[in-house]
Amino acid sequence: MLQVIELKKSFGGKPVVKGVSFSVDKGEAFGLLGPNGAGKSTTISMICGLLKIDGGDVRVNGLSIKKDPMAVKRKIGIVPQDIALYPTMTAKENLVFWGKMYGLKGREAKAKADRVLADVGLSDRANDKIETFSGGMKRRINIGAALMHDPELLIMDEPTVGIDPQSRNHILETVKRLNEQGMTVIYTSHYMEEVEFLCERIAIIDHGEVIALGTKTELCNRLAGGTVIQLKVDPIKERFIQRLKTMEAVANVKIVEEDRIEVFVTRADAALSQIVALSLEHRVQLLSLNVKEPNLEALFLQLTGRSLRD
Ligand SMILES: Nc1ncnc2c1ncn2[C@@H]1O[C@H](COP(=O)(O)OP(=O)(O)OP(=O)(O)O)[C@@H](O)[C@H]1O
Ligand SMILES: [Mg+2]
């Protein structure tokens with residue numbers, strides 16, 4: 001339902017989005033994962049028609065944002081990174097305001113606001129002023145505002161940044177439920193766990209470019225030596241390390257502290273039994289052993305040499 005085609009944007013001559021392309025199917029939850037300054041918000045603002053496009057196009061159900069901006073905007077609900085609510089108005093008044101902005105009549109807007117308040121789990125706070133809400137509650141109302149006009153596509157820009165874990169879980173569950181009910185979702189975050197929890201397909205974006213795109217499994221399969229086995233041993237013996245490095249299932253070995261080793265393996269099952277056998281042979285005591293499955297954080301590190309969060 002959404003096609004993002006070679007999207008480009010520069011600020012003051014400096015390109016910050018450099019030909020971003022991806023498409024999202026109806027009913028899909030799609031993740032945009034990238035570190036601070038990667039160009040996620042800029043990309044999203046162009047998709048929603050909030051920011052002029054320098055190059056490329058965005059199509060929703062075949063309609064171009066350049067040719068039919070109003071029609072495209074109606075189909076999209078945007079949850080911006082910054083809260084956009086009136087603090088001195090109540091939660092319900094805020095929602096009704098947004099509904100009217102999208103052309104709902106008074107009674108319609110009020111009825112819809114009640115349903116949206118239930119969706120985000122804040123019916124009991126409907127008539128309280130936004131200024132009395134916690135950060136997490138404001139975020140939930142902000143999501144509600146994006147739902148007032150029954151969008152086909154919900155785009156969320158880091159909706160869980162800076163809020164308490166309980167609100168965060170609530171938001172994640174709400175988005176999951178909306179998606180299961182058929183809502184198409186684009187979810188932006190620099191939290192790998194959130195994107196993994198919600199999204200079938202994920203684009204990893206860095207310096208304004210999509211550097212990897214696929215399902216979590218596809219992306220993790222790209223990771224050479226993706227599984228890390230952390231060992232604590234006594235003592236660390238040079239010959240033991242050398243032998244580890246020559247094992248077929250092992251891609252790399254790193255000594256991280258005086259008694260800790262990280263073994264990057266392609267097949268954890270094969271590597272584990274070999275590591276145990278090798279430690280017996282070399283009379284190296286295994287004090288602890290921990291298997292870390294491959295994840296997107298590791299892929300990002302491999303692709304860029306940096307971590308997703310600084
Ligand atoms: N209005 C603007 N004027 C000038 N530069 C901008 C503007 N908006 C964004 N930028 C720059 O564009 C780059 C991408 O910013 P953007 O906000 O899209 O990143 P992001 O991936 O959303 O980051 P974050 O995770 O911090 O929200 C940054 O270097 C930022 O400084
Ligand atoms: Mg952003």
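Heads up: these notes are all about the structure in this document. (Residues numbered from 1 in each chain as written. Chains lettered and ligands numbered in written order. Predicted model: local features only at pLDDT ≥ 70, side-chain atom pairs only at ≥ 80, totals over all residues. Heavy atoms only, no water.)

Some thoughts on the environment of Tyr 191
Short version of the rule: Strands here mean DSSP runs of E at least two residues long; helices mean DSSP runs of H or I at least four residues long; both are numbered from the N terminus. Between two residues, a contact is recorded if the distance between any of their heavy atoms is within 4.5 Å.
Counting through the fold element by element, Tyr 191 comes out in the loop between strand 8 (184–189) and helix 7 (192–198). The spacing of Tyr 191 and Leu 33 is 158 residues in sequence and 7.4 Å in space, taken between C-alpha atoms. Those residues in contact with Tyr 191, other than ones at most four positions away along the chain, are Leu 33, Thr 160, Val 161, Arg 168 and Arg 309.

Quick notes on the coordination of the magnesium ion (ligand 2)
Heads up, the condition is: Here the coordinating atoms are restricted to nitrogen, oxygen and sulfur within 2.8 Å of the metal centre, or 3.2 Å for Na, K and Ca, and because water is not among them the sites may look incomplete. Exposure categories follow from relative accessible area, calculated using a 1.4 Å probe and restricted to protein chains: below 20% of the type maximum is buried, above 50% is exposed, and the middle band is partly exposed.
On the protein side, the magnesium ion (ligand 2) has Ser 41 (OG) and Gln 81 (OE1) as donor atoms, found 2.0 to 2.2 Å from it. Of this pair, Ser 41 sits in helix 1 (residues 40–47) while Gln 81 is found in the loop between strand 6 (76–79) and helix 3 (91–101), placing the two residues 40 residues apart along the sequence. The exposure class assigned to Gln 81 is partly exposed, which follows from its relative accessible area of 30%.

Brief notes about the environment of Met 247
Note that Met 247 resides in the loop between helix 9 (238–246) and strand 12 (250–257). A sequence separation of 27 residues divides Met 247 from Gln 274, and the C-alpha atoms of the two residues are 8.1 Å apart. Beyond its immediate stretch of four places on either side in the chain, Met 247 contacts Ala 271, Gln 274, Ile 275 and Leu 278.

What to know about the sheet that holds strand 10 (residues 209–215)
For the record, the criterion: Only strands joined by at least two bridges in the DSSP assignment are considered to pair. Inter-axis angles, ranging from 0 to 180 degrees, are taken between N-to-C directions of lines fitted to C-alpha atoms, where helices are fitted over the stretch in contact.
Read across the open sheet, the six strands follow the order 6-7-8-3-9-10; overall the sheet is mixed. Among the strands making up the open sheet, the edge pair consists of strand 6 and strand 10. Averaged over neighbouring strand pairs, the angle between their axes works out to 15 degrees when direction is ignored. Pairing between strand 3 (residues 29–33) and strand 9 (residues 201–206): four bridges, direction parallel. Within strand 9, the residue paired with Gly 31 across the bridge is Ile 202. Across the sheet, helix 1 lies against strand 3, strand 6, strand 7 (153–157), strand 8 and strand 9, angled at about 150 degrees from strand 7, the strand it touches most. Against the sheet, helix 5 (residues 135–147) contacts strand 6 and strand 7, and its axis sits at roughly 165 degrees relative to strand 6.

Side note on the site of ligand 1
Formally: We call a residue near a molecule or strand as soon as one heavy atom of that residue lies within 4 Å of the molecule or strand. Whenever a nitrogen or oxygen atom comes within 3.5 Å of another N or O atom, the pair is scored as a polar contact, on the condition that within protein one atom can donate a hydrogen and the other can accept it, and that pairs from neighbouring residues in sequence are kept only if both atoms are in side chains. Using a 1.4 Å probe, the Shrake-Rupley method yields the accessible areas, and only the shown protein chains count as cover for residues. Polar here means any residue outside two lists: the nonpolar Ala, Val, Leu, Ile, Met, Phe, Trp, Tyr, Cys and Pro, and the charged Asp, Glu, Lys and Arg; Gly therefore counts as polar.
Close contacts around ligand 1 come from 13 residues, with Gly 37, Lys 40, Ser 41, Thr 42 and Glu 158 the closest. Between an oxygen atom of ligand 1 and a side-chain N or O atom of Lys 40, the distance comes to 2.8 Å. Ser 41 places a polar side-chain atom, nitrogen or oxygen, 2.8 Å from an oxygen atom of ligand 1. When ligand 1 sits alone it has 640 Å² of accessible area, and the protein chains cover 61% of it. Where the shell around ligand 1 is concerned, the elements lending two or more residues are strand 2 (14–24) and helix 1. At three residues, the largest contribution of residues to the shell around ligand 1 is made by helix 1. Along the lines of polarity and charge, the residues of the shell around ligand 1 split into four nonpolar, six polar and three charged.

Some points on the nonpolar core
It is characteristic of soluble globular proteins that their nonpolar side chains tend to be buried jointly. To keep it simple, the criterion reads: Definition used in this section: a nonpolar core is a set of buried Ala, Val, Leu, Ile, Met, Phe, Trp, Tyr and Cys residues joined via side-chain atoms within 4.5 Å.
One finds Leu 95, Ile 141, Leu 154, Tyr 187, Ile 202 and Ile 204 to be the most contacted residues of the largest nonpolar core, which totals 47 residues. Leaving out residues up to four positions away in the same chain, Ile 141 has contacts with Leu 85, Ala 91, Leu 95, Leu 117, Leu 122, Ile 130 and Phe 133. Membership of the second largest hydrophobic core comes to 27 residues, among which are Ala 38, Ile 44, Leu 153 and Ile 205.

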